[in-house]
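# Results of the structural survey
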Amino acid sequence: MRRFAVLCTAVSLLPLAVCQEQVQMNQIEVRQTGENREGKRKPLTKEEQRRVQQLLDNAEAGSSALDSASRVVACTELAKAYQSSNKKKATELLETALTTTRDLQFESANPGLNDRLRRQLEQRVVRDFAALAPERLADLMEEIPSDVRPLALEQLIPYYGKTKQLHRANDLLMRTAQESEMPYGTASALMSLYPKDSDEVRSLFLASLASYQAHDHGSLRSNDDFPDMIAKFHQKLPPALLKQAADEVLAQAKKADEKSEGSNIALASNKGAVSFNSVYDFRLFQLLPTLQRIDPKAAESLMKERQDVNTLASKYPDGMDSLKSDEGQGSGNMMMSVGMGSGGGPRGGPQGPSPMEMQRMAQVTEDAQKHPQDALANAASLGPEAGIHAYLSIARATQKSDPSAARTALSKASVLVEKVALEQQLISSQTITDLYLKMGENEKAKDSLDQALSIAERLYKKDTDADDPNLAPKAFWASTNGYRSILSSAGKLDPAWATNLLKDVPDDGIRVFNQIAMANAISGAGGEGFQIITATKNGVQMTFMNGN
């Protein structure tokens, strides 16, 4: 069995990501902004308004020739471009995107990729819809397919809370749980809106437990938020009910290990690093603080059976919370790496940073603001991929308070760029460009863009290789996202130069996303994260880039 890994980076622990066989996933942080150095947006001139509208009109016209998945992406990006100037138009585009998700077609023969991509696109549409026009999305809930409704409901929970329609949210949630598995994260969000010790909290937890018992959890999955619910609400529920729930989670974790050919799960932050060789050990560590409160004898017995977990629990008595930074102290980054399959998973190098390297990355990020020189010194001990991440974290943290340290960090990151994979080179060089732009270092930004342009050209040749083309939707090609990022930055730096670059883009479909990116750059609309997917004979690789 092919080995695969997930690397997640966020300001708090992310839910476990679904890992499909032959799908390698990486997650990297990319920050973009439509603001100038002072954080203010300048009013557009009439000529700029005309240019923006022309770009958006051309992009909308060109999007009709895209594959269905890429059309969904184009509609959501166009909607974002219109959200401040024409809400009605933006809402119509999102309705079109929502309709298009019902009939998505993919060239890839990998069912894991197709299912994941469909869900991600659906989630993207309902997320943007809920942010722009929650009242309209709420009106459409009865028309939304049952498999998409949980995603929409999750995004609408704040709206239902604000409009005092918790009963409506509760009814929709319970209906969803009857049609499929309970969306535990959504249930937790709704439970948080009810008063402490309310009957609704207990009822939702009971329904969640029943759903968890009724479904197989033979592997770590993105909807396995029920253990988080146990930990989150352990002070609001009866001990006997919590114990029943914890026992169920541990029992299913043991079954998952019996089916698995090996696991390696690692967590790291500036507070420390832990790793587990089984799903059961990970779940036990996650639930121990709750078990120690509700049933100390049972907790002690379980720890005696698992000495490795016992040792970690002694060092980190609050479990997951022990690894989270104190509120207000630094960025609080926690990273998770998950490997399932033969060989156990991540071991550094191509499979991603090791737990200890993850911890050092988190420490560098934590030190960047107050101790930039220490952070720079510590970053030098990391491998190329982790080193670039660390140097970029330092540059972000010091770009205003210590520009000299930021320039040093960017310079060191630039040296490492050629030592990582081609897709990573593009991501890194573009992020370096963006940071130089924020600092007003325009010449260095242009040099970095020239480097990124050369990389994008090589990526396009790779995506269109006649012998082994990239079968992912064009919106997710590395070259598409490369040119898009380049044109966005070039539009901020020199609109005339960006216009010339747009003419040289080698593909009409790619040009659609470039036009939207340029329009956003001119208008000052904020950028967002995107994905790179490569689906070739060698399998599938997915890289997630989180916008700011």
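Higher on the page you've got the structure.
Residues numbered from 1 in each chain as written. Predicted model: local features only at pLDDT ≥ 70, side-chain atom pairs only at ≥ 80, totals over all residues. Heavy atoms only, no water.

### Here's the deal with the overall build of the protein chain
Each helix and strand counted, the protein chain has 24 helices and seven strands in total. Here the protein chain holds 548 residues, and 56% of them are scored as buried. For the protein chain, the computed accessible surface area is about 23600 Å², with 46% contributed by carbon and sulfur atoms. (Helix = DSSP H or I, 4+ residues; strand = E, 2+ residues; numbered from the N terminus. Buried < 20%, exposed > 50% of the residue type's maximum accessible area, 1.4 Å probe, protein only. Areas by Shrake-Rupley, 256 points an atom, 1.4 Å probe, with all protein chains shown as cover.)

### A look at the pattern of salt bridges
Per the stated rule, a full pass over the model turns up 21 salt bridges. A salt bridge links Arg175 to Glu142, with the nearest nitrogen and oxygen atoms 3.1 Å apart. In this pair, Arg175 sits in helix H7 (residues 166–179) while Glu142 sits in the loop between helix H5 (134–139) and helix H6 (149–162), placing the two residues 33 residues apart along the sequence. With a relative accessible area of 27%, Arg175 lands in the partly exposed category. Owing to a relative accessible area of 45%, Glu142 belongs among the partly exposed residues under this scheme. Of the charged contacts in the structure, one is a salt bridge between Asp508 and Arg511, with a shortest N-O distance of 2.6 Å. Remark: Arg511 and Asp508 occur in helix H24 (residues 508–523); sequence separation between them is three residues, near one turn of the helix. On the basis of relative accessibility, which here comes to 60%, the residue Asp508 falls in the exposed class. For Arg511, a relative accessible area of 19% corresponds to the buried category. In the salt-bridge network here, residues are joined through shared partners; they are Glu77, Arg124 and Arg484. (Salt bridge = Lys/Arg side-chain N within 4 Å of Asp/Glu carboxyl O.)

### Observations regarding the nonpolar core
By size, the foremost hydrophobic cluster in this structure holds 160 residues, and its most contacted members are Tyr160, Phe205, Phe226, Leu291 and Ile394. Leaving out residues up to four positions away in the same chain, Leu291 has contacts with Lys243, Ala246, Leu250, Leu284, Pro296, Ala299 and Leu302. (Core = buried A, V, L, I, M, F, W, Y, C linked by side-chain atoms within 4.5 Å. Contact = heavy atoms within 4.5 Å.)

### Description of the packing of aromatic side chains
Here the structure, examined in full by the defined rule, presents seven aromatic pairs. Ring geometry for Tyr184 versus Tyr212: centroids 5.9 Å apart, planes at 65°, classification edge-to-face. Pair noted here: Tyr184 is in helix H8 (residues 184–191) and Tyr212 is in helix H9 (residues 199–214), with a separation of 28 residues, a long-range link. Accessibility classification places Tyr184 together with Tyr212 in one group, the buried group. Through successive ring pairs, a cluster of aromatic residues spans Tyr184, Phe205, Tyr212 and Phe226. Above the ring of Trp497, the side-chain terminus of Lys446 is found at 4.2 Å from the ring centroid. (Phe/Tyr/Trp six-rings, centres within 6.5 Å; stacked < 30°, edge-to-face > 60°. Lys NZ or Arg CZ within 6 Å of the ring centre and 35° of its normal.)

### Here we look at the environment of Glu179
With respect to the helices, strands and loops of the structure, Glu179 is situated in helix H7. The spatial distance from the C-alpha of Glu179 to the C-alpha of Ser146 is 7.4 Å, given a sequence separation of 33 residues. Look past the residues within four positions of Glu179 in its chain and what remains in contact with it is Ser146 and Arg149. At 3.1 Å, the side chain of Glu179 and the side chain of Arg149 are in polar contact. (Polar contact = N/O pair within 3.5 Å; in protein donor to acceptor, adjacent residues only side chain to side chain.)

### Regarding helix H21 (residues 442–463)
An ideal rise of 1.5 Å per residue puts 32 Å on 22 residues; H21 measures up with 30 Å between its terminal C-alpha atoms. For H21, the full list of buried residues reads Ala445, Ser448, Leu449, Ala452, Leu453, Ile455, Ala456, Leu459, Tyr460 and Asp463. Buried residues along H21 sit against helix H20 (422–438), helix H22 (478–493), helix H23 (495–503) and H24. (Expected span 1.5 Å × (residues − 1).)

### A few points about the packing of helix H13 (residues 296–305) against helix H14 (residues 307–315)
Running from N to C, H13 and H14 cross one another at 120°; their axes reach a closest spacing of 5 Å. In terms of their interaxial angle, H13 and H14 are classed as oblique. Of the residues in H14, those in contact with Met303, Lys304 and Glu305 of H13 are Gln307, Asn310 and Ala313. Looking at the contact of H13 with H14, its residues break down into two nonpolar, two polar and two charged. (Axes fitted to C-alpha atoms, helices over the stretch in contact; angles between N-to-C directions. Parallel < 35°, antiparallel > 145°, perpendicular 65-115°, else oblique. Nonpolar A, V, L, I, M, F, W, Y, C, P; charged D, E, K, R; others polar.)

### Concerning the packing of helix H17 (residues 372–379) against helix H19 (residues 403–416)
For the pair H17 and H19, interaxial distance at closest approach is 10 Å and the crossing angle is 10°. One finds that H17 runs roughly parallel with respect to H19. Side by side, H17 and H19 meet where Pro372, Gln373 and Leu376 of the first sit next to Ala405, Thr408 and Ala409 of the second. Partitioning the contact of H17 with H19 into residue classes produces four nonpolar, two polar and no charged.

By themselves, these observations are geometric and do not establish any function.
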